[in-house]
Amino acid sequence: DPAACGATTVAATAWAARRAGVHVFATGGLGGVHRGASDTWDVSADLDELGRTQVLVVCGGVKSILDVPKTLEALETRGVAVAALGTRDFPAFFSLRSPGVDGAPNRAPLRVDSAAEAAAWFGAHRELGLASGCVLAVPNPAPLP
């Protein structure tokens, strides 16, 4: 039934998850700062919600159509902790890495190498009482070229 189908942004899912007592959820890609945002101010509400909602979002990184370096900076500004699983290169949704300035890959602020290490990282974040969320970027195991 099409009327029963629905979709939410990361922001809406984080809001609902927190209220339902869910601390971790997965999604394809995170919204962020759009290219040309200095002119359009087009910035996803995902960033602000993650700055005030203590959840762990497991995703394939930032959507590749976005300005990934500015999105990572905006997450940092909002106190959102960011890590990548098994790599220091920050993935971009369907690619293993996201091109940054001068074509060099964007680096994740933190690398974790296992689900247990990611869980400990998020647990420490929660124990500190921080209000913000965390993003765990997991590279696509079958990336597009």
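Each value, and the rule that gives it
Residues numbered from 1 in each chain as written. Predicted model: local features only at pLDDT ≥ 70, side-chain atom pairs only at ≥ 80, totals over all residues. Heavy atoms only, no water. Buried < 20%, exposed > 50% of the residue type's maximum accessible area, 1.4 Å probe, protein only. Helix = DSSP H or I, 4+ residues; strand = E, 2+ residues; numbered from the N terminus. Contact = heavy atoms within 4.5 Å. Polar contact = N/O pair within 3.5 Å; in protein donor to acceptor, adjacent residues only side chain to side chain. Axes fitted to C-alpha atoms, helices over the stretch in contact; angles between N-to-C directions. Parallel < 35°, antiparallel > 145°, perpendicular 65-115°, else oblique. Left-handed = near helix turned anticlockwise from the far one by under 90°. Nonpolar A, V, L, I, M, F, W, Y, C, P; charged D, E, K, R; others polar. Core = buried A, V, L, I, M, F, W, Y, C linked by side-chain atoms within 4.5 Å.

1. Quick look at helix α3 (residues 45-52)
Then, in step 1: Along α3, the residues that are buried comprise D46, L47, E49 and L50.
Then, in step 2: In this structure, the buried residues of α3 make contact with α1 (10-20), β2 (56-59), α4 (68-77) and β5 (134-137).
Then, in step 3: With a side-chain oxygen positioned 3.0 Å from the backbone nitrogen of D46, the residue opening α3 is S44.

2. Quick word on the environment of F122
Then, in step 1: Relative to the helices and strands, F122 resides in helix α5 (residues 115-127).
Then, in step 2: In sequence terms F122 and V55 are 67 residues apart; their C-alpha atoms lie 8.6 Å from each other.
Then, in step 3: Those residues in contact with F122 that lie beyond four places of it in its chain are H23, V24, Q54, V55, L56 and C134.

3. Looking at the packing of α1 against α3
Then, in step 1: One can describe the packing of α1 onto α3 by two numbers: an axis separation of 8 Å at closest approach and a directional angle of 25°. In terms of axis orientation, α1 runs roughly parallel to α3. Along this stretch, α1 crosses α3, giving a crossing that reads as left-handed. On α3, the residues touching V10, A11, A14 and W15 of α1 are A45, D46, E49 and L50.
Then, in step 2: Residues that form the contact of α1 with α3 fall into these classes: 6 nonpolar, no polar and 2 charged.

4. Points about the nonpolar core
Then, in step 1: With 25 residues, the main nonpolar core has F25, L30, L50, V57, L75, F90 and V135 as its most contacted residues.
Then, in step 2: Elements that contribute at least two residues to this core include exactly α1, α3, β2, α4, β3 (81-85) and β5.
Then, in step 3: Among the elements that line this core, the one with the most residues is α4, at 4 residues.
Then, in step 4: Not counting residues up to four positions away in its chain, the partners in contact with F25 are V10, T13, A14, A17, V55, L56, V57 and V58.
Then, in step 5: Counting residues in hydrophobic clusters, the runner-up holds 9 residues, among them A83, V112, A118 and F122.

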